[in-house]
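Given next are the chains, with one letter for each unit.
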Amino acid sequence: MSLSHGRHTLSIPGPSVMPDRVLQAMHRAAPNIYTGPLIDLAATLGPDLKAIAKTTGDMAMYIGNGHAVWEASLANVLAPGDRVLVPATGNFSHGWAGMAQKMGIKTKMIEYGRRSALDPADIAATLEADTNHAIKAVLCVQTDTATSVKSDVAALRAAMDATGHPALLMVDCIACLGCDEMQMDAWGVDVVVAGCQKGLMTPPGMGFVFFNAKAAEARARMERVSSYWDWVPRANPAEFWQYWCGTAPTHHLYGLREALDMIVREEGVEAVLARHATLARAVWAAFEAWGAEGPVELNVSDAAIRSNAVTSVRIGAENGTRLRNWLTEEAGVTLGIGLGMATKEDPKSDGFFRVGHMGHLNAHMLMGTLGAIQAGLVALDIPHGAGGLDAAARVCAEG
Ligand SMILES: *Cc1c(COP(=O)(O)O)cnc(C)c1O
């Protein structure tokens, strides 16, 4: 017998759960792409996406995933031979840096391991030593989805400003836009990249690059930019096809519009962020209680640098994989795999798993996932402290 039959729950850090409303909005016949409502709809997406990123700057849309906007953002402001500084807080920092390297960009890494946020003072010191301003940009992943470490972007900007160095600040918000606070303009971020399939609750396939005037100037100084990645026509298209440099992702537009209605026009951005903050505290409370005995441990011990979008958990040896498999087979819940945590003793990161708590998530869904995790810990005889669900319920009750 298995207790997995019923509505399957995906509790991974992206793609996230899609609201039925989003799916239903997409379920329709092929629309007119020459004139009519779809053209008007496309123009409404930018203002709402900018409201979430808190910017009045420009935004370009791409048909692609997070990797696409990693490349798009780099392609607009960096040429082969340019230098970037990458403070690394997990697998995704290395992924973005690796992509830059393949584009001929020289990357200087500052490693922070798997459990620490970046230290703005180190970045400032490196920029200060760069007296001829060879470093063109700092690539920061706000929430690294592998480690679930969140860095302080505002503090990083302040430290960069104090040096007077002109490097651009480029931030990957793919995991956490709509979950962790991003104040692009107030914090002075020059470029923000995001995707649609995490906090924005839409099936994977659309990415966004937000950029300010300083980044636009850097783009204008480029000798050559690939015409497909070029953000200039996409941000201010003279014709409809230019938004996506070709055919529009028609059905994604309906889905995204519905998701933005829910986030921006109905619940409201501040309420969405507050909901994620509370649900994240419920997750941490459960794991802290379970971790009082045995091998379960939050990867990030300092609550100030935990993300409201995803939680990475250490559970020892192969327990991560055993627990994930049990949850899928016996409880109908899929948890995220350990990612980029490999060591010699644990080459496949089997001692880790991740819980995604981004996007379309309420107390009932989260308590279901946490309840299933507790059942799995019991079923697999993984030692753990008592009271995890009580602790999470208390956080939900207090709001
Ligand atoms: C998911 C994610 C990516 C990669 O996005 P894909 O859609 O898988 O290409 C990059 N950075 C972060 C922080 C992410 O969470």
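Refer to the structure above for everything that follows.
As the structure is a prediction and not an experimental result, all values here were calculated from the model.

Cut-off values and rules
- Residues numbered from 1 in each chain as written.
- Predicted model: local features only at pLDDT ≥ 70, side-chain atom pairs only at ≥ 80, totals over all residues.
- Heavy atoms only, no water.
- Helix = DSSP H or I, 4+ residues; strand = E, 2+ residues; numbered from the N terminus.
- Rg over C-alpha atoms; globule rule 2.2 N^0.38 Å.
- Buried < 20%, exposed > 50% of the residue type's maximum accessible area, 1.4 Å probe, protein only.
- Contact = heavy atoms within 4.5 Å.
- Areas by Shrake-Rupley, 256 points an atom, 1.4 Å probe, with all protein chains shown as cover.
- Lys, Arg positive; Asp, Glu negative; His and termini not counted.
- Charge placed at Lys NZ, Arg CZ, Asp CG, Glu CD.
- Axes fitted to C-alpha atoms, helices over the stretch in contact; angles between N-to-C directions.
- Parallel < 35°, antiparallel > 145°, perpendicular 65-115°, else oblique.
- Left-handed = near helix turned anticlockwise from the far one by under 90°.
- Nonpolar A, V, L, I, M, F, W, Y, C, P; charged D, E, K, R; others polar.
- Salt bridge = Lys/Arg side-chain N within 4 Å of Asp/Glu carboxyl O.
- Polar contact = N/O pair within 3.5 Å; in protein donor to acceptor, adjacent residues only side chain to side chain.
- Pairing = 2+ DSSP bridges.
- Near = heavy atom within 4 Å.

Colleague: Looking at this structure, how should I read the overall build of the protein?
Modeller: Looking only at helices and strands, the protein features 14 helices and 14 strands. On C-alpha atoms alone, the protein measures out to a radius of gyration of 21 Å, which is about the 21 Å that the 2.2 N^0.38 rule sets for 399 residues. Seen through its C-alpha atoms, the protein measures out along the principal axes to roughly 60 × 55 × 35 Å. In the protein, which comprises 399 residues, the proportion classed as buried is 55%. Summarising the internal contacts of the protein: among those between residues at least 6 apart in sequence, 73% fall at separations of at least 24. Accessible surface computed for the protein: about 16,000 Å², of which carbon and sulfur atoms make up 54%. When the 32 positive and 41 negative side-chain charges of the protein are each reduced to one mean point, those points stand 4 Å apart.

Colleague: Would you explain the packing of helix α2 (residues 37-53) against helix α10 (residues 250-267) in this entry?
Modeller: The geometry of a pair of packed helices is captured by two quantities: the angle between their axes and the separation between those axes. At a closest axis distance of 9 Å, the pairing of α2 and α10 adopts a crossing angle of 45°. Classified by the interaxial angle, the pair formed by α2 and α10 is oblique. Here α2 runs over α10; the crossing is left-handed. Along its contact with α2, which presents L38, L41, T44, L45, D48, L49, A51 and I52, the element α10 presents T250, L253, Y254, L256, R257, L260, I263, V264 and R265. When the residues that make up the contact of α2 with α10 are grouped by side-chain class, the tally is 12 nonpolar, 2 polar and 3 charged.

Colleague: Would you mind going over the environment of K50 with me for this structure?
Modeller: Assignment of secondary structure puts K50 in helix α2. Separated by 134 residues in sequence, K50 and M184 have C-alpha atoms that sit 9.1 Å apart. When residues no more than four places from it in sequence are discounted, the contact partners of K50 are T55, G57, D58, M59 and F210.

Colleague: Honestly, the side chain of D130 in this entry has me stumped. Any pointers?
Modeller: Note that D130 resides in the loop between α5 (120-129) and β5 (135-141). The buried charged residue D130 lacks any salt bridge, with R83 as its nearest oppositely charged partner at 6.5 Å. Among the polar contacts listed, one links the side chain of D130 to the side chain of H165, at a separation of 2.7 Å. Apart from the residues lying within four places of it in its own chain, the contact partners of D130 are I135 and H165.

Colleague: Would you explain the sheet that holds strand β1 (residues 9-11) in this entry?
Modeller: Sheets are built from strands paired through backbone hydrogen bonds, the pairs being either parallel or antiparallel. Spatially, the 5 strands line up as an open sheet ordered β1-β13-β14-β12-β11, and their pairing is mixed. The strands lining the two open edges of the sheet, one partner per strand, are β1 and β11 (297-298). Note that β1 and strand β13 (residues 333-337) share 3 bridges and pair parallel. Bridging from a neighbouring strand, L10 pairs with T334 of β13. Against the sheet, helix α12 (residues 319-331) contacts β13 and β14 (352-356), and its axis sits at roughly 155° relative to β13. Sheet contacts for helix α13 (residues 363-379): β1, β13 and β14; angle to β13, the most-contacted strand, approximately 80°.

Colleague: Explain the site of the ligand here, please?
Modeller: Taken together, 13 residues lie near the ligand, and H67, T145, D172, Q197 and K198 sit nearest. One of the backbone nitrogen or oxygen atoms of G66 is found 2.8 Å away from an oxygen atom of the ligand. Contact distances for the ligand include 2.7 Å between a nitrogen atom and a side-chain N or O atom of D172. About the coverage of the ligand: the protein hides 90% of its 380 Å² of free accessible area. The residue inventory of the shell around the ligand, partitioned by class, reads 5 nonpolar, 6 polar and 2 charged.

Colleague: How should I be thinking about unusual backbone geometry in this particular structure?
Modeller: A negative phi angle is the norm for most residues apart from glycine, just as the trans form is the norm for most peptide bonds. Cis geometry marks the peptide bond from G14 to P15; its omega dihedral reads 0°. Within the secondary structure, P15 sits in the loop between β1 and α1 (20-26). Not every positive phi belongs to a glycine, and K54 is a case in point at roughly 60°. Structurally, K54 can be placed in the loop between α2 and β2 (58-63).

Colleague: Sorry, what's going on with the pattern of salt bridges here?
Modeller: Think of it this way: side chains of opposite charge can pair up when their charged atoms draw near. Inspection of the entire model under this criterion finds 15 salt bridges. Across the pair R115 and E297 runs a salt bridge whose closest N-O atoms are separated by 2.8 Å. Highlighted residues: R115 in the loop between β4 (106-111) and α5 and E297 in strand β11, separated in sequence by 182 residues. For E297, a relative accessible area of 36% translates into the label partly exposed.

Colleague: Can you walk me through the packing of helix α11 (residues 269-290) against helix α14 (residues 388-398) in this structure?
Modeller: Two elements in contact, α11 and α14, have axes separated by 7 Å at closest approach and are oriented at 155°. For the element pair α11 / α14, the angle class is roughly antiparallel. Between α11 and α14 lies a crossing of right-handed hand. Residues T278, R281, A282, A285, A286, A289 and W290 of α11 form the contact with α14, whose own contacting residues are G388, L389, A391, A392, V395 and C396.

Colleague: Which parts of the structure should I look at to understand the sheet that holds strand β9 (residues 191-195)?
Modeller: In space, the 7 strands of this open sheet follow the order β2-β10-β9-β8-β5-β3-β4, with mixed pairing throughout. Only two strands of the sheet have a single partner each, and these edge strands are β2 and β4. The average angle at which neighbouring strand axes cross in this sheet is 20°, direction not considered. Judged from the 6 bridges that link them, strand β3 (residues 83-88) and β4 form a sheet pairing that is parallel. Each residue of the ladder has a partner; that of A88, found in β4, is E111. Relative to β4, helix α4 (residues 91-102) is tilted by about 165°, and along the sheet it contacts β3, β4, β5 and β8 (168-172). Most of the contacts of helix α6 (residues 153-163) go to β8, to which it runs at about 165°, and overall it touches β5 and β8.

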